Amino acid sequence: MTKSDVPSAEETRSNADKYGYKPFIPPITLALAAVIVATVFTNLGSNNAIGVSAVIALIVAFILFKPKADTPIKDGTRMLDSVGVTGILPQVLAALGSLFTAAGVGDVIASGVSAVIPADNLFVATAVYCIAMAMFTMIMGNGFAAFSVITVGIGIPFLIAQGANPVVVGALGLTAGYCGTLMTPMAANFNIMPAALLETKSKYAIIFAQVPMALIMLVIHIFLMYFLAF
(Lines give C-alpha, C1' and ligand atoms only; values in the text may rest on other atoms or scores of the structure.)
Protein backbone atom coordinates (compact mmCIF):
# COMPACT_ATOMS: atom_id res chain seq x y z
CA MET A 1 0.00 0.00 0.00
CA THR A 2 1.28 3.47 -0.81
CA LYS A 3 2.55 5.49 2.12
CA SER A 4 1.67 8.85 0.57
CA ASP A 5 -1.57 10.75 0.97
CA VAL A 6 -3.16 8.17 3.26
CA PRO A 7 -5.87 9.90 5.34
CA SER A 8 -5.72 9.46 9.08
CA ALA A 9 -8.49 7.68 10.97
CA GLU A 10 -9.63 11.02 12.36
CA GLU A 11 -9.83 12.56 8.89
CA THR A 12 -11.74 9.57 7.55
CA ARG A 13 -14.24 9.73 10.44
CA SER A 14 -14.66 13.48 9.98
CA ASN A 15 -15.36 13.15 6.24
CA ALA A 16 -17.82 10.32 6.87
CA ASP A 17 -19.75 12.46 9.36
CA LYS A 18 -19.62 15.48 7.05
CA TYR A 19 -20.74 13.88 3.79
CA GLY A 20 -22.91 10.98 4.97
CA TYR A 21 -24.30 9.08 1.99
CA LYS A 22 -23.21 11.63 -0.62
CA PRO A 23 -20.28 9.45 -1.82
CA PHE A 24 -22.86 7.05 -3.30
CA ILE A 25 -24.14 9.74 -5.67
CA PRO A 26 -21.20 9.67 -8.17
CA PRO A 27 -21.33 5.86 -8.64
CA ILE A 28 -25.10 5.98 -9.17
CA THR A 29 -24.61 8.86 -11.60
CA LEU A 30 -22.02 6.81 -13.47
CA ALA A 31 -24.39 3.86 -13.86
CA LEU A 32 -27.36 5.96 -14.95
CA ALA A 33 -25.27 8.06 -17.34
CA ALA A 34 -23.81 4.92 -18.92
CA VAL A 35 -27.28 3.52 -19.62
CA ILE A 36 -28.57 6.82 -20.99
CA VAL A 37 -25.52 7.48 -23.19
CA ALA A 38 -25.46 3.90 -24.52
CA THR A 39 -29.21 4.03 -25.24
CA VAL A 40 -29.46 7.50 -26.77
CA PHE A 41 -26.06 7.82 -28.45
CA THR A 42 -25.82 4.32 -29.88
CA ASN A 43 -23.13 5.35 -32.38
CA LEU A 44 -20.66 5.79 -29.50
CA GLY A 45 -20.70 2.14 -28.48
CA SER A 46 -20.83 0.69 -24.96
CA ASN A 47 -17.13 1.20 -24.16
CA ASN A 48 -17.25 4.89 -25.04
CA ALA A 49 -20.49 5.24 -23.06
CA ILE A 50 -18.70 4.01 -19.95
CA GLY A 51 -15.89 6.52 -20.53
CA VAL A 52 -18.30 9.40 -20.99
CA SER A 53 -20.28 8.41 -17.90
CA ALA A 54 -17.05 8.25 -15.86
CA VAL A 55 -16.28 11.84 -16.83
CA ILE A 56 -19.81 12.90 -15.88
CA ALA A 57 -19.54 11.14 -12.51
CA LEU A 58 -16.17 12.82 -11.88
CA ILE A 59 -17.70 16.23 -12.55
CA VAL A 60 -20.53 15.44 -10.12
CA ALA A 61 -17.96 14.41 -7.49
CA PHE A 62 -16.11 17.70 -7.92
CA ILE A 63 -19.35 19.63 -7.51
CA LEU A 64 -20.31 17.72 -4.36
CA PHE A 65 -16.97 17.53 -2.55
CA LYS A 66 -14.89 20.33 -4.10
CA PRO A 67 -11.56 18.47 -3.79
CA LYS A 68 -8.18 19.64 -5.04
CA ALA A 69 -7.58 19.15 -8.76
CA ASP A 70 -5.04 16.37 -8.21
CA THR A 71 -7.12 14.43 -5.66
CA PRO A 72 -8.62 11.97 -8.20
CA ILE A 73 -5.13 11.10 -9.44
CA LYS A 74 -3.67 10.65 -5.97
CA ASP A 75 -6.62 8.65 -4.64
CA GLY A 76 -6.73 6.55 -7.80
CA THR A 77 -3.04 5.74 -7.41
CA ARG A 78 -3.54 4.89 -3.74
CA MET A 79 -6.45 2.58 -4.60
CA LEU A 80 -4.45 0.76 -7.30
CA ASP A 81 -1.53 0.39 -4.89
CA SER A 82 -3.90 -1.17 -2.36
CA VAL A 83 -5.46 -3.56 -4.86
CA GLY A 84 -2.31 -4.54 -6.75
CA VAL A 85 -2.40 -6.94 -9.70
CA THR A 86 -5.95 -7.99 -8.77
CA GLY A 87 -7.13 -5.00 -10.78
CA ILE A 88 -6.29 -6.63 -14.13
CA LEU A 89 -7.69 -10.07 -13.27
CA PRO A 90 -11.16 -9.50 -14.87
CA GLN A 91 -9.65 -8.66 -18.27
CA VAL A 92 -7.39 -11.72 -18.16
CA LEU A 93 -10.28 -14.02 -17.21
CA ALA A 94 -12.49 -12.62 -19.99
CA ALA A 95 -9.75 -13.40 -22.50
CA LEU A 96 -9.47 -16.90 -21.04
CA GLY A 97 -13.19 -17.44 -21.63
CA SER A 98 -12.77 -16.61 -25.32
CA LEU A 99 -9.88 -19.05 -25.47
CA PHE A 100 -12.00 -21.81 -23.90
CA THR A 101 -14.76 -21.23 -26.43
CA ALA A 102 -12.34 -21.37 -29.36
CA ALA A 103 -10.83 -24.56 -27.95
CA GLY A 104 -14.22 -26.31 -28.01
CA VAL A 105 -14.83 -26.53 -24.27
CA GLY A 106 -18.51 -25.77 -24.91
CA ASP A 107 -18.85 -28.85 -27.11
CA VAL A 108 -17.27 -31.04 -24.41
CA ILE A 109 -19.72 -29.65 -21.84
CA ALA A 110 -22.64 -30.30 -24.20
CA SER A 111 -21.67 -33.95 -24.64
CA GLY A 112 -21.41 -34.43 -20.88
CA VAL A 113 -24.65 -32.64 -20.05
CA SER A 114 -26.60 -34.61 -22.64
CA ALA A 115 -26.11 -37.70 -20.48
CA VAL A 116 -27.52 -35.93 -17.41
CA ILE A 117 -30.52 -33.96 -18.66
CA PRO A 118 -33.61 -36.15 -19.25
CA ALA A 119 -35.01 -35.90 -22.76
CA ASP A 120 -37.60 -33.12 -23.20
CA ASN A 121 -37.39 -32.06 -19.54
CA LEU A 122 -37.17 -28.31 -20.08
CA PHE A 123 -37.23 -27.38 -16.39
CA VAL A 124 -34.20 -29.55 -15.61
CA ALA A 125 -32.42 -28.15 -18.66
CA THR A 126 -33.16 -24.62 -17.46
CA ALA A 127 -31.93 -25.41 -13.95
CA VAL A 128 -28.74 -27.03 -15.25
CA TYR A 129 -28.03 -24.04 -17.50
CA CYS A 130 -28.49 -21.46 -14.73
CA ILE A 131 -26.54 -23.47 -12.15
CA ALA A 132 -23.76 -24.15 -14.67
CA MET A 133 -23.57 -20.43 -15.45
CA ALA A 134 -23.19 -19.63 -11.76
CA MET A 135 -20.64 -22.39 -11.13
CA PHE A 136 -18.50 -21.65 -14.19
CA THR A 137 -18.59 -17.98 -13.30
CA MET A 138 -17.28 -18.91 -9.84
CA ILE A 139 -14.42 -20.75 -11.53
CA MET A 140 -13.67 -18.10 -14.12
CA GLY A 141 -14.47 -15.13 -11.91
CA ASN A 142 -16.21 -13.42 -14.81
CA GLY A 143 -19.79 -13.81 -16.05
CA PHE A 144 -18.89 -12.83 -19.62
CA ALA A 145 -16.18 -15.50 -19.77
CA ALA A 146 -18.61 -18.16 -18.55
CA PHE A 147 -21.46 -17.00 -20.79
CA SER A 148 -19.80 -17.83 -24.09
CA VAL A 149 -18.76 -21.32 -22.96
CA ILE A 150 -21.93 -22.40 -21.12
CA THR A 151 -24.36 -20.90 -23.65
CA VAL A 152 -22.61 -22.73 -26.50
CA GLY A 153 -22.55 -25.96 -24.50
CA ILE A 154 -25.96 -25.89 -22.79
CA GLY A 155 -28.03 -22.82 -23.62
CA ILE A 156 -28.20 -23.24 -27.39
CA PRO A 157 -28.62 -27.03 -27.78
CA PHE A 158 -30.82 -27.70 -24.74
CA LEU A 159 -32.90 -24.51 -24.48
CA ILE A 160 -32.89 -22.35 -27.59
CA ALA A 161 -32.97 -25.33 -29.95
CA GLN A 162 -36.00 -26.58 -27.99
CA GLY A 163 -37.94 -23.37 -28.62
CA ALA A 164 -36.81 -21.08 -25.80
CA ASN A 165 -36.74 -17.35 -26.46
CA PRO A 166 -33.05 -16.55 -27.09
CA VAL A 167 -33.43 -13.02 -25.71
CA VAL A 168 -34.74 -14.29 -22.38
CA VAL A 169 -32.18 -17.09 -22.22
CA GLY A 170 -29.32 -14.72 -22.96
CA ALA A 171 -30.39 -11.99 -20.55
CA LEU A 172 -31.27 -14.23 -17.61
CA GLY A 173 -28.39 -16.59 -18.32
CA LEU A 174 -25.85 -13.80 -17.92
CA THR A 175 -27.42 -12.52 -14.71
CA ALA A 176 -27.57 -16.09 -13.39
CA GLY A 177 -23.83 -16.09 -13.86
CA TYR A 178 -23.64 -12.94 -11.77
CA CYS A 179 -25.10 -14.96 -8.89
CA GLY A 180 -21.88 -16.94 -9.03
CA THR A 181 -19.90 -13.70 -9.10
CA LEU A 182 -21.19 -12.94 -5.62
CA MET A 183 -19.84 -16.21 -4.25
CA THR A 184 -16.27 -16.45 -5.53
CA PRO A 185 -12.91 -14.89 -4.66
CA MET A 186 -12.02 -15.19 -8.36
CA ALA A 187 -14.28 -12.17 -8.95
CA ALA A 188 -11.60 -10.14 -7.27
CA ASN A 189 -12.84 -6.76 -8.47
CA PHE A 190 -16.21 -7.38 -6.77
CA ASN A 191 -15.26 -9.32 -3.65
CA ILE A 192 -11.56 -9.17 -2.78
CA MET A 193 -10.84 -5.62 -3.88
CA PRO A 194 -13.59 -4.06 -1.69
CA ALA A 195 -12.43 -6.17 1.26
CA ALA A 196 -8.92 -4.80 0.80
CA LEU A 197 -10.17 -1.23 0.51
CA LEU A 198 -12.48 -1.56 3.52
CA GLU A 199 -9.76 -3.38 5.49
CA THR A 200 -12.13 -6.11 6.72
CA LYS A 201 -10.83 -8.67 9.21
CA SER A 202 -11.42 -11.47 6.71
CA LYS A 203 -10.79 -10.99 3.02
CA TYR A 204 -13.78 -13.29 2.39
CA ALA A 205 -16.19 -11.33 4.61
CA ILE A 206 -18.01 -9.80 1.63
CA ILE A 207 -18.49 -13.22 0.01
CA PHE A 208 -19.93 -14.75 3.21
CA ALA A 209 -22.42 -11.88 3.45
CA GLN A 210 -23.52 -12.29 -0.18
CA VAL A 211 -23.91 -16.09 -0.43
CA PRO A 212 -27.50 -16.38 0.99
CA MET A 213 -28.87 -13.71 -1.32
CA ALA A 214 -26.95 -15.12 -4.30
CA LEU A 215 -28.52 -18.56 -3.80
CA ILE A 216 -32.02 -17.06 -3.50
CA MET A 217 -31.46 -15.04 -6.69
CA LEU A 218 -30.22 -18.14 -8.52
CA VAL A 219 -33.40 -20.06 -7.68
CA ILE A 220 -35.50 -17.09 -8.83
CA HIS A 221 -33.55 -17.02 -12.11
CA ILE A 222 -34.35 -20.67 -12.77
CA PHE A 223 -38.10 -20.15 -12.40
CA LEU A 224 -38.08 -16.85 -14.31
CA MET A 225 -36.24 -18.37 -17.26
CA TYR A 226 -38.50 -21.42 -17.34
CA PHE A 227 -41.75 -19.46 -17.30
CA LEU A 228 -40.63 -16.55 -19.50
CA ALA A 229 -38.51 -18.32 -22.13
CA PHE A 230 -40.99 -21.05 -23.11
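Everything that follows concerns the structure shown earlier in this document.
Please read these numbers as outputs of a predicted model, since none were measured by experiment.

Draft legend 1. Spotlight on the overall build of the protein. Of regular secondary structure, the protein possesses eleven helices and zero strands. A burial count over the protein gives 32% of its 230 residues as buried. Sequence-distant contacts, at least 24 apart, represent 72% of the contacts inside the protein between residues at least 6 apart. Summing over all exposed atoms, the protein offers an accessible surface of approximately 13,500 Å²; the carbon and sulfur share of this is 72%.

Draft legend 2. Local environment of helix α11 (residues 205–229). The end-to-end C-alpha distance of α11 is 36 Å, a good match for the 36 Å that 25 residues give at a rise of 1.5 Å each. A maximum bend of about 40° is found in α11 at V211, where proline P212 lies one to four positions downstream.

Draft legend 3. Broad picture of the pattern of salt bridges. Applying the stated criterion to the full structure yields one salt bridge. The residue R13 makes a salt bridge to D17 at a minimum N-O spacing of 3.0 Å. Within this pair, R13 and its partner D17 are both found in helix α1 (residues 9–19), separated by four residues, close to a single helical turn. When sorted by exposure, R13 lands in the same class as D17, which is exposed.

Draft legend 4. Region of interest: the nonpolar core. Y129, I150, I154, L159 and M225 are the most contacted members of the largest nonpolar core, which has 29 residues in total. When contributions to this core are tallied by element, the ones reaching two or more residues are α6 (105–113), α7 (122–140), α8 (143–159), α9 (166–181) and α11. Top element by residues in this core is α7. It accounts for nine residues. Aside from chain neighbours lying at most four places away, what touches I150 is I109, Y129, A132, M133, F136 and G155.

Draft legend 5. Layout of the packing of α9 against α11. It is the contact of α9 with α11, at a shortest axis distance of 9 Å, that shows an interaxial angle of 170°. Comparing their axes, α11 and α9 come out roughly antiparallel. Only A214, M217, L218, H221, L224, M225, L228 and A229 of α11 make contact with α9, whose side of the interface consists of V168, V169, L172, G173, T175, A176 and C179. When grouped by side-chain class, the residues that make up the contact of α9 with α11 number twelve nonpolar, three polar and no charged.

Draft legend 6. Structural detail: the side chain of T184. Tracing the backbone through its elements, the reader meets T184 in the loop between α9 and α10 (192–198). Using a relative accessible area of 2% as the deciding quantity, one classes T184 as buried. A distance of 2.7 Å separates a polar atom in the side chain of T184 from the backbone oxygen of M138.

The rules we used
Residues numbered from 1 in each chain as written. Predicted model: local features only at pLDDT ≥ 70, side-chain atom pairs only at ≥ 80, totals over all residues. Heavy atoms only, no water. Helix = DSSP H or I, 4+ residues; strand = E, 2+ residues; numbered from the N terminus. Buried < 20%, exposed > 50% of the residue type's maximum accessible area, 1.4 Å probe, protein only. Contact = heavy atoms within 4.5 Å. Areas by Shrake-Rupley, 256 points an atom, 1.4 Å probe, with all protein chains shown as cover. Expected span 1.5 Å × (residues − 1). Bend = angle between axes of the 7 residues up to and from the residue. Salt bridge = Lys/Arg side-chain N within 4 Å of Asp/Glu carboxyl O. Core = buried A, V, L, I, M, F, W, Y, C linked by side-chain atoms within 4.5 Å. Axes fitted to C-alpha atoms, helices over the stretch in contact; angles between N-to-C directions. Parallel < 35°, antiparallel > 145°, perpendicular 65-115°, else oblique. Nonpolar A, V, L, I, M, F, W, Y, C, P; charged D, E, K, R; others polar. Polar contact = N/O pair within 3.5 Å; in protein donor to acceptor, adjacent residues only side chain to side chain.

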